[in-house]
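# Chains, contacts and geometry: an overview
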Amino acid sequence: MYAFTYQRPTSLADAASAIQAEEAKLLGGGQTLLPTLKQRLARPTDLIDLGAIPELKGIREVEGGLEIGAFTRHAEVAHSDLVKRVIPALASLAEGIGDRQVRNMGTMGGSIANADPSADYPSAVVALKATVTTDRRTIAGDDFFTGMFETALEPGEIVKSVRYSRPDKAAYAKFRNPASRYAIVGVFVAKFGAEVRVAVTGAAGSVFRAEAFETALAADFRAEALNGLSVETDGLNADIHASADYRAHLVTVMAKRAVEAAG
């Protein structure tokens with residue numbers, strides 16, 4: 001049996017204090033933590049439920065884009081009229097996460113803090129020039145993801161919100177695992193004036209930018225501009241779902257689809 005102290009703080013300050021306990025764990029939507037507990041792969045001394053903290057919730061339009069609270073659930077992002085108006089590609093991405101139960105339980109902050117290599121949100125954070133605000137500081141999206149299940153977050157640091165920049169055009173396309181709906185490869189393309197950003201998830205241990213694709217699309221924002229381009233297979237994931245070579249092929253295919261969807 002588990003023996004942990006369950007806490008449900010009502011402020012970010014109280015949560016920040018509670019997480020300092022030895023082996024304490026933060027609980028968001030529980031889509032990763034709860035299966036981990038069931039498999040006895042974690043034995044927390046304290047479980048800090050973030051669900052009662054108003055500071056972590058909500059979707060707000062801000063100058064230049066959107067700010068979304070870390071505890072905002074995927075379904076809220078997917079169905080938000082505000083997100084659909086300001087950054088429709090982000091709403092589309094959220095609608096494609098997992099199944100209905102996952103979307104109604106999982107949170108955006110939990111997704112990026114977990115940094116699963118096949119998660120969808122990391123591609124949006126990088127492609128949309130996002131900044132991640134925590135209870136201590138602000139982190140540029142380009143610097144947030146550092147490796148497989150690794151981020152720039154320090155021990156006990158809590159994600160508060162993510163601010164996404166509004167692009168001129170954007171779209172996300174993914175080749176999903178038919179069972180989990182995780183991205184075997186997902187590509188988020190965003191155009192900001194003359195700048196184009198292409199963020200790839202699922203293909204490697206962590207999200208990355210396809211710089212050759214960005215250069216080609218900055219010169220000619222059409223799917224045909226990517227003809228003949230591919231990413232290197234070194235460092236790409238290879239498993240029962242797809243080889244490194246196939247994932248490299250999918251990056252180009254999904255990038256083209258995203259460009260076509262972005263119009």
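What you are looking at is a predicted structure, and each value in this text was computed from that prediction instead of being measured.

An order of 11-12-13-14 is seen for the 4 strands of this open sheet, with the pairing classed as antiparallel. Only two strands of the sheet have a single neighbouring strand rather than two, namely strand 11 (169-176) and strand 14 (208-209). With 7 bridges connecting them, strand 12 (residues 183-192) and strand 13 (residues 195-201) associate as antiparallel partners. Opposite A190, over in strand 13, you have R197 as the bridge partner.

Looking now at helix 10 (residues 211-219). Inspection of helix 10 places F213, E214, A216 and L217 among the buried residues, and these make up the whole buried set. Down the axis of helix 10, the sector holding all buried residues measures 165 degrees, keeping them to one side. Those residues of helix 10 that are exposed and aimed more than 90 degrees away from the buried face are E211, T215 and A219. Looking at the buried positions of helix 10, the neighbouring elements they touch are strand 12, strand 13, strand 14 and helix 11 (244-262).

It is worth spelling out the sheet that holds strand 3 (residues 46-49) at this point. A sheet is described by the order of its strands in space; here 3 strands give the open sequence 1-3-2, paired in parallel fashion. Of all strands in the sheet, those with a lone pairing partner are strand 1 (5-7) and strand 2 (24-27), marking the two edges. Along the sheet, successive strands turn relative to each other by an average axial angle of 20 degrees, direction set aside. Relative to strand 3, strand 1 is paired through 3 bridges, and the arrangement is parallel. Across the sheet, residue T5 finds its bridge partner in strand 3, namely D46.

Our focus in this paragraph is the domain arrangement of the protein chain. A common way to state how big an interface is: give the accessible area lost once the parts meet. Here the protein chain is partitioned into domain 1 (5-49) and domain 2 (59-262). A separation of 26 Å is found between the C-alpha centroids of domain 1 and domain 2. Of the residues lining the interface, 11 residues belong to domain 1; the matching set on domain 2 comes to 12 residues. Summed over both partners, the interface of domain 1 with domain 2 comes to about 840 Å²; 68% of that surface belongs to carbon and sulfur atoms. For the domain 1 face of the interface with domain 2, the top three residues by lost area are L12, G29 and Q31, together amounting to 49%. Linking domain 1 with domain 2 are 0 salt bridges. Between the two partners, domain 1 and domain 2, sit 1 residue pair in polar contact (both at pLDDT 80 or more). Elements supplying a minimum of two residues to the side of domain 1 that touches domain 2: helix 1 (12-18) and strand 2. Counting residues per element, the side of domain 1 that touches domain 2 draws most heavily on helix 1, at 3 residues.

Definitions and limits used
Residues numbered from 1 in each chain as written. Predicted model: local features only at pLDDT ≥ 70, side-chain atom pairs only at ≥ 80, totals over all residues. Heavy atoms only, no water. Pairing = 2+ DSSP bridges. Helix = DSSP H or I, 4+ residues; strand = E, 2+ residues; numbered from the N terminus. Buried < 20%, exposed > 50% of the residue type's maximum accessible area, 1.4 Å probe, protein only. Arc of directions from axis to C-beta. Contact = heavy atoms within 4.5 Å. Axes fitted to C-alpha atoms, helices over the stretch in contact; angles between N-to-C directions. Domains from an automatic or database assignment. Buried area = accessible area lost by both parts, 1.4 Å probe. Salt bridge = Lys/Arg side-chain N within 4 Å of Asp/Glu carboxyl O. Polar contact = N/O pair within 3.5 Å; in protein donor to acceptor, adjacent residues only side chain to side chain.

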